[in-house]
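The residues making up each chain are set out below.
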Amino acid sequence: MLPNRVKQPGVQLAVLLAVVFLLVAAGTLGPGSYFLHHDTPTQNVAAADLVEGCWTYTAATLAPMVMLFLPYALFGPSAVYEMVLLSLLGAVLAASLFLLAEAYTRSRRWALLGALWFAGLPIILYYTRTHIGYPLAFYGLGLLLHTRKHYTWAGLAFGLAFTSHFNYLVPLAFWMLWAFITDRETRSIRSMAQLGLGFLLPLLLLETARFFFTGVPFGWLQEEIRDALRLAGQTASSESWPVTHLIRLIGFSNGWLNAVLLLSGVAYPLFRARRPSLMDSIYLSGWSVLVFYSLQVSLLHNTFLTPRMFAAIYPNLALASIYTGWQAADWLKTRLKPASWAVSQVVGCGIVLVVLPLSTLDAALDALVGSRTAYQEVDNLLAEAAASRLPVRYYGNFLTGLYWGHRHDLFVNTNETDVDRVLQDTQAVLVFEDADSPALEQFYSSPSFDPAAYTITTIPHRIAYRPAWAENYGVGPQALHDLSWLIYAHRPNADTTTLVVLWPNRPTGEFAARSDPDQYIFTYEGGCSLPYPFDGPDGAGWNYYHLLWDKLKQLVHTLRTGGVGAGLELVRGWLQS
């Protein structure tokens, strides 16, 4: 049942909140504030490949590739477009949370305070500048549309969340399960059909487009299912993982005050007020996901269960906490004398007006410093390398290296482990994302290395940023304990990594590159990062639609010259092959 809302939903306040979020994003993002997570370059490289006419590896992020395609096609590859897109989606998430809180609490004051607190959470500021910002925004929008009974549009938003990151299948499944159980209107055949059709639409459209490039039906789903099965087999050592480990990760990423506020919604069932049915679904689905992954961690020790796997619980936990706080305040109001209640309101408002701005400012400052990278400096250097027609050897995230190849039309080789191969020439500009990497140490220690052959530049790169650290694979209890000393990024003496660039003083020799995907060694020489899936008759690469068009022309010619029987025989041969 849809909760009784105020007569005119606070759309103006939602827009204001979105603008505030955009202003915070504009003030905390810099020219190099991208690729803050190692998976984020994936959709950028895939979009650049799509512009070249190739459909390549998209990992779990299928829809973002298509979203980036248009600006990449119009203006060329640049991760800045993704920063803008993610900021806009973050504003949508903040506005959706406000409208949801307003609908369920019927209080704009509680909704506004709750939405401001949610938008200022350190983990939300981090997610909305990485690839997790896509599914999280669509998930929040889907909750809002579902609450307002726009079932087809809600299904569409949920479908975009799923195709933006495959892992969102778990929170979406729990949401639909509890919505079906608790909400009578969701259970209707019409509503379920509308939700289902809306959900399937983006998946079918994207899979159809992929099919015409690759010839593999539902290839993305097949890839993700295989990947999920592979990752499900990744377990930690015999170290004991407590069932509270994910709660500790929430506290580590956001600070324990925010964690306690987020988890305070667990008291939601204690209030006997008549609750909207979908509010029950929000509470039950959020805690179901948290318990599900907590049991996975505790029983299976799965090292891949990092916070982004349960990122969708944040809107659910926040809404449950806002609702619980609103109900608790209403309960106190009925039990305190008017004078005492007035004093409590003044004290409470004073605390909120002091704590909320300070907390938001602290998180924003941390996001400002934690989002700094050396990528802008690298961009400038590699633009110069492209102008000088120098190849590049990139060490670090191979997808970032492929991105630079697309952006500057560079000859790029990533993560070459054969030091002798690297040192047999001084043609390439060498870029190491981390000065402490074993690759750079091996390079420096080689007898063949001549420091005089290069101009060495070191640039401060990534600062130790708590939400980003929590996203590392295999952050188990011991690793988290070892990180407990980690200060916040904007505090003095925060740890900073260093990026190293070696520029050849006298480029000589012949650049030799190879590919070995198992070692993340890739070579980019222009065009697409990966080859076309089919060989054309002229030796050029073809997509599947090229083959279909060629076969269609053959079929038309056969029907004209040999009749229907010959045409059917031709089709039969194709199907058999």
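Here, residues in each chain are numbered from 1, in the same order as that chain's written sequence. Only residues with pLDDT of at least 70 are given local features in this predicted model, and only at 80 or more are side-chain atom pairs given and counted; all residues enter the totals for whole chains, interfaces and linings. Each side-chain value is worked out from all heavy atoms of the structure, with water and hydrogens disregarded.

Visitor: Residues and numbers for helix 4 (residues 79-105), please.
Guide: Over its 27 residues, helix 4 runs 39 Å from end to end, which matches the ideal 39 Å to within 8%, given 1.5 Å per residue. For helix 4, a buried count of 21 out of 27 residues is recorded, marking the element as mostly surrounded by other parts of the structure. Remark: R106 follows helix 4 within two positions and exhibits a positive phi of approximately 60°. Each helix is a run of DSSP H or I of at least 4 residues and each strand a run of E of at least 2, with the numbering of both proceeding from the N terminus. Helices are assigned an expected span. That span is 1.5 Å times one less than the residue count. Each residue is assigned to one of three classes by its accessible area relative to the maximum for its type, calculated with a 1.4 Å probe on protein chains only: buried under 20%, partly exposed between the two thresholds, exposed over 50%.

Visitor: Lay out the packing of helix 2 (residues 41-52) against helix 18 (residues 398-408) in plain terms, naming residues and giving numbers.
Guide: The interhelical angle for the contact between helix 2 and helix 18, taken along N-to-C directions, is 35°, at an axis separation of 9 Å. Remark: the crossing between helix 2 and helix 18 carries left-handed chirality. Contacts from P41, T42, N44, V45, A48, D49 and E52 in helix 2 reach L399, T400, L402, Y403 and H406 in helix 18. Classifying every residue of the contact of helix 2 with helix 18 gives six nonpolar, four polar and two charged. Axes, fitted as lines to C-alpha atoms, cover a helix only where it is in contact. Angles between the N-to-C directions of the axes lie from 0 to 180 degrees. The sense of a crossing depends on the near helix, which, turned anticlockwise from the far helix by less than a right angle, makes the crossing left-handed and, turned clockwise, makes it right-handed. A contact between two residues is defined here by any heavy atoms of the two lying within 4.5 Å. Think of it as three bins: nonpolar holds Ala, Val, Leu, Ile, Met, Phe, Trp, Tyr, Cys and Pro, charged holds Asp, Glu, Lys and Arg, and polar takes everything else, Gly as well.

Visitor: Let's hear about the packing of aromatic side chains: which residues, and what values?
Guide: Pairing of aromatic side chains here covers Phe, Tyr and the six-membered ring of Trp, requires ring centres within 6.5 Å, and sorts the geometry by plane angle: under 30 degrees stacked, over 60 edge-to-face, intermediate tilted. Enumeration over the complete set of coordinates arrives at 37 aromatic pairs. Measuring from ring centre to ring centre gives 6.2 Å for Y375 and W404, while their planes differ by 55°; the resulting arrangement is tilted. Of this pair, Y375 sits in helix 17 (residues 375-387) while W404 sits in helix 18, placing them 29 residues apart in sequence. You'll find Y375 and W404 in the same group, each marked buried. Seen from their ring centres, Y444 and F449 are 5.4 Å apart, and the 45° between their planes marks the pair as tilted. Judged by its relative accessible area of 11%, F449 falls in the buried class. An aromatic cluster is defined as three or more aromatic residues linked by ring pairs; in this entry it consists of Y395, F432, F443, Y444, F449 and Y454.

Visitor: Give me helix 8 (residues 151-164): which residues, what numbers.
Guide: With 14 residues, helix 8 extends 20 Å from end C-alpha to end C-alpha; this agrees with the ideal 20 Å at 1.5 Å per step. Among the 14 residues in helix 8, 10 count as buried, and that is most of the element. Taken residue by residue, helix 8 has Y151, A154, G155, A157, F158, G159, A161, F162, T163 and S164 as its buried positions.

Visitor: Could you give me a rundown of unusual backbone geometry, with the residues and numbers involved?
Guide: A positive phi angle, near 60°, is found at R106, a position not held by glycine. Of note, D409 is a non-glycine position whose phi angle comes to about 55°, a positive value. Within the secondary structure, D409 is located in the loop between helix 18 and strand 2 (412-414).

Visitor: Give a detailed account of the pattern of salt bridges, specifying residues and quantitative values.
Guide: Two side chains carrying opposite charge are able to pair once their charged atoms lie near each other. Salt bridges are defined as contacts in which a side-chain nitrogen from Lys or Arg sits within 4 Å of a carboxyl oxygen from Asp or Glu. In the structure shown here, the tally under the stated rule is eight salt bridges. Of the charged contacts, one joins R108 and E102 as a salt bridge, the two residues approaching to 2.9 Å between their closest N and O atoms. With a shortest N-O distance of 3.8 Å, E416 and R421 are connected by a salt bridge. Judged by relative accessible area, R421 falls into the partly exposed class, the value being 25%. Where salt bridges share partners, they join E416, R421 and R514 into one cluster.

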